[in-house]
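# Chain and residue survey
Each chain, written out:
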Amino acid sequence: MISIKNKLYSLFFNADNDYNKSGSLNELKNSTLHFVTDFYRDSTYGLPIYRKLPIGECLHSDKLTTDVVKAVNNGDIKKAMSYLKELIFDNERLRLNISTLKKGKINYRMRRRDNYDLYTKDEMFHIPFDSLKAVPSYRYSISGFPCLYLGASLYSCWEETRRPEIDKVNFSAFMNTLDMKFVDVLCPNTIDSIDNLVRFIIFALCTNFVSPNDDNNKFKFQYAIPELLLSVLISERNSGSKALQGIDGIKYLSTRYFRDTEMFGVEPVFYNYVIPIKQYMDAGHCPELINSFRVTDAKANFDRILRRYRLKAHRVRINNYSSSLFAVMEKNLFPKKEFGKLKK
């Protein structure tokens, strides 16, 4: 079995390559497909396996990828969703992996706060239905459609919120009350099958980094395929697809994992989850999501400092997450496991 990850992470996400220099969705698609071709041309990595893959299916996957991007660029979202569905499904079988988040797992949410104040538990949940005009554009989002976004670590949340002032942000811990299933948008360990080829293509199209210079752009081409993928999965789930029965959302790897942060390079620290609502209400939050989580009260470092909590100095070391400030912040969230249910 040939591992693609070492080559991928050292070359594919190198700042000087075509993938990271992509200036449009079309360039992103081309660099992704070119990388796969170049990977297999290198006999050190892929040629023996490439010869075992059905060439017709490989070409069909490439064509569908091109068709998806072309339809998006032409503004034909219905056709783009149709092509993407054909790419990620083999008849009724989903080609992407599905993972389970076991009951009782802890994930986190962080929100910016410009003034020194604390949010309520409700305010740390998804944007309420009566405030949909405030739904911003995220990597996995649909305009006017609320989702709950969680991170596996507070550090990942901090990176995803673009490193706000650490003493002002609010953060809460979320514990799921039941097993939850997620469609994985992660890099496969190998590309030894059409399924893994599709998984890699989806991963690459959904994980392109948005530079700080482009962060305030109204349109981010890097978000086009993640938004489309979320739409397809929600549509298929709502239509009763057996492959997506019981699916709660998408698990994906933060693009911040691939930056030279000189802090943490452990992949699980950077796992994120997007959980779309399942039941629309005129106001408040999704009842099904409320029942799926217990949430701690929001905390903030300024509150701890004002109360004169003692915190030993910790020096951040690469891959030593347990001794970082973020790990200490996580522990301070639930010293007595004070998880509570939101009000309906």
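Residues numbered from 1 in each chain as written. Predicted model: local features only at pLDDT ≥ 70, side-chain atom pairs only at ≥ 80, totals over all residues. Heavy atoms only, no water.

Our focus in this paragraph is the overall build of the chain. Counting its secondary structure elements, the chain contains 11 helices and 10 strands. Counting all 344 residues of the chain, 51% fall into the buried class. Taking as baseline every contact in the chain between residues at least 6 positions apart, the subset at least 24 positions apart corresponds to 77%. Accessible area of the chain: about 17300 Å², with a carbon and sulfur share of 48%. (Helix = DSSP H or I, 4+ residues; strand = E, 2+ residues; numbered from the N terminus. Buried < 20%, exposed > 50% of the residue type's maximum accessible area, 1.4 Å probe, protein only. Contact = heavy atoms within 4.5 Å. Areas by Shrake-Rupley, 256 points an atom, 1.4 Å probe, with all protein chains shown as cover.)

All right, on to the packing of aromatic side chains then. Centre-to-centre distance and the angle between the planes together describe a pair of aromatic rings. Tallied over the entire structure, the rule returns 12 aromatic pairs. Arranged with centres 6.0 Å apart and planes meeting at 20 degrees, the rings of F125 and F174 form a pair that is stacked. Of this pair, F125 sits in the loop between strand 4 (106–111) and strand 5 (147–151) while F174 sits in strand 6 (residues 170–176), placing them 49 residues apart in sequence. You can call F125 buried: its relative accessible area is 1%. Arranged with centres 5.1 Å apart and planes meeting at 65 degrees, the rings of Y155 and F326 form a pair that is edge-to-face. Of the two residues, Y155 is situated in helix 6 (residues 154–160) and F326 in helix 11 (residues 325–333); the sequence distance between them amounts to 171 residues. F326 gets classed as buried once you look at its relative accessible area, which sits at 5%. An aromatic cluster of at least three residues, connected via ring pairs, comprises Y155, W158, F270 and F326. Over the ring of Y119 we find R111; its NZ or CZ atom is 4.1 Å from the centre of that ring. (Phe/Tyr/Trp six-rings, centres within 6.5 Å; stacked < 30°, edge-to-face > 60°. Lys NZ or Arg CZ within 6 Å of the ring centre and 35° of its normal.)

The subject of this paragraph is the confidence of the model for the chain. Across the chain, the average pLDDT comes to 84, with 83% of residues at 70 or higher. Confidence drops under pLDDT 50 across residues 309–318; counting only partners more than four residues distant or on other chains, this segment forms 14 contacts. (pLDDT = per-residue confidence, 0-100.)

In the structure shown here, the tally under the stated rule is 13 salt bridges. Residues D179 and K102 are paired through a salt bridge, measuring 4.0 Å at the closest nitrogen-oxygen approach. With D179 in the loop between strand 6 and strand 7 (180–185) and K102 in the loop between strand 3 (98–101) and strand 4, the pair connects residues that are 77 residues apart, well separated along the chain. Sharing partners across several salt bridges, the network here consists of D90, R93, R95, D195 and R199. (Salt bridge = Lys/Arg side-chain N within 4 Å of Asp/Glu carboxyl O.)

Direction vectors running N to C along helix 4 (residues 55–73) and helix 5 (residues 77–88) enclose 160 degrees, while the axes themselves pass 8 Å from each other. What the angle tells us is that helix 4 and helix 5 run roughly antiparallel. For helix 4 against helix 5, the interelement crossing comes out left-handed. Of the residues in helix 5, those touching helix 4 at H60, S61, L64, T65, D67, V68, A71 and V72 are K79, A80, Y83, L84, E86 and L87. Across the contact of helix 4 with helix 5, the residue classes tally to eight nonpolar, three polar and three charged. (Axes fitted to C-alpha atoms, helices over the stretch in contact; angles between N-to-C directions. Parallel < 35°, antiparallel > 145°, perpendicular 65-115°, else oblique. Left-handed = near helix turned anticlockwise from the far one by under 90°. Nonpolar A, V, L, I, M, F, W, Y, C, P; charged D, E, K, R; others polar.)

Let's shift gears to the packing of helix 5 against helix 8 (residues 224–238). Contact geometry of helix 5 with helix 8 gives a least axis separation of 10 Å together with a crossing angle of 75 degrees. What the angle tells us is that helix 5 and helix 8 run roughly perpendicular. Together, I77, A80, M81, L84, K85 and I88 of helix 5 and L228, L229, S231, V232, L233, S235 and E236 of helix 8 make up the contact between the two elements. Here the contact of helix 5 with helix 8 is built from residues that sort into nine nonpolar, two polar and two charged.

With that out of the way, let us pick up helix 5. In this model helix 5 runs 16 Å from its N-terminal to its C-terminal C-alpha over 12 residues, within 8% of the 16 Å that 1.5 Å per residue would give. Regarding helix 5, the residues found buried are A80, L84, L87 and I88. The buried residues of helix 5 occupy an angular sector of 80 degrees when the element is viewed end-on, so they sit on one face. Along its buried surface, helix 5 packs onto helix 4, strand 1 (89–90), strand 2 (93–94), helix 7 (194–206) and helix 8. (Expected span 1.5 Å × (residues − 1). Arc of directions from axis to C-beta.)

This part covers the side chain of N196. With respect to the secondary-structure elements, N196 resides in helix 7. The residues touching N196, leaving out its near neighbours within four places in the chain, are P188, T190 and I191.

So, on to the nonpolar core. Side chains that are nonpolar tend, in soluble globular proteins, to be buried together. Within the largest apolar cluster, 74 residues are counted, with the highest numbers of intra-cluster contacts made by L84, I88, Y140, L154, I202, L229 and I250. It is helix 7 that contributes the most residues to this core, 10 residues altogether. In terms of nonpolar packing, the next biggest core, distinct from the first, is built from 17 residues, F129, M180, I277 and L342 among them. (Core = buried A, V, L, I, M, F, W, Y, C linked by side-chain atoms within 4.5 Å.)

Quick look at helix 8 now. For helix 8, spanning 15 residues, the distance from its first C-alpha to its last is 21 Å, which sits close to the expected 21 Å at 1.5 Å a residue. Most of helix 8 sits out of view: 11 of its 15 residues are buried. Looking only at helix 8, the buried set comprises A224, I225, P226, L228, L229, L230, V232, L233, I234, E236 and R237. Positioned one or two residues after helix 8, G240 has a phi angle of 90 degrees, which is positive.

Only one face of strand 3 is buried, namely the one carrying S99 and L101, since none of I98 and T100 on the opposite face is buried. Across four bridges, the pairing between strand 3 and strand 7 is antiparallel. From the neighbouring strand, L101 faces strand 7, where its bridge partner is M180. (Pairing = 2+ DSSP bridges.)

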